[in-house]
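# Topology and contacts: notes
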Amino acid sequence: MSLGSLLVILDRLLVSLCHLLVSLHHLLVSLRHLLVSLRHLLVSLRHLLVSSRHLLVSLRHLLVSLRRLLVSSRHLLVSFRYLLVSLRHLLVSLRHLFVSLRHLLVSLRHLLVSLLFTRELIHQVCKLYF
């Protein structure tokens, strides 16, 4: 082998080594970009987990509020039922009062009739004896 052939082979070998080094550099840059992308992905996943936890807490608060609303609604319905029962009792009491008043009026009328009858009797007796 001649020195020129060896130099050509050595030149090609150096060019191939440079290409290999450039390719390794590109590979390392790509790996670094991949690692940065993975780090961003992990940060996004952590944010997603935090947001999911906040959502779950908000949902739990909403469920507690809904349960309280249901309990309050149930209490309101019970109170309304008691109010209706009380109103019914009041109406029954008023009806009894009016019936009693009617009986009183009838009794008063009977008393007046009795008084008139008694007066008439007294008047008749007085006429007979005086």
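All values reported here derive from a predicted model rather than from experimental measurement.

## What to know about the overall build of the chain
- Along the chain, the regular secondary structure elements total one helix and zero strands.
- Its C-alpha radius of gyration of 55 Å places the chain more than 25% over the 14 Å reference for a compact globule of 130 residues.
- Dimensions of the chain, computed from C-alpha atoms along their principal axes, come out at roughly 185 × 15 × 15 Å.
- Taken across its 130 residues, the chain has 0% of its residues classed as buried.
- A total of about 12,600 Å² of accessible surface is found on the chain, and carbon and sulfur atoms cover 73% of it.

## Digging into the environment of F130
- In this structure, F130 sits in the segment after α1 (3–129).
- Its relative accessible area of 83% is what places F130 among the exposed residues.
- Counting along the chain gives 103 residues from F130 to L27, while the straight-line C-alpha distance between them is 150 Å.

Each value, and the rule that gives it
- Residues numbered from 1 in each chain as written.
- Predicted model: local features only at pLDDT ≥ 70, side-chain atom pairs only at ≥ 80, totals over all residues.
- Heavy atoms only, no water.
- Helix = DSSP H or I, 4+ residues; strand = E, 2+ residues; numbered from the N terminus.
- Rg over C-alpha atoms; globule rule 2.2 N^0.38 Å.
- Buried < 20%, exposed > 50% of the residue type's maximum accessible area, 1.4 Å probe, protein only.
- Areas by Shrake-Rupley, 256 points an atom, 1.4 Å probe, with all protein chains shown as cover.

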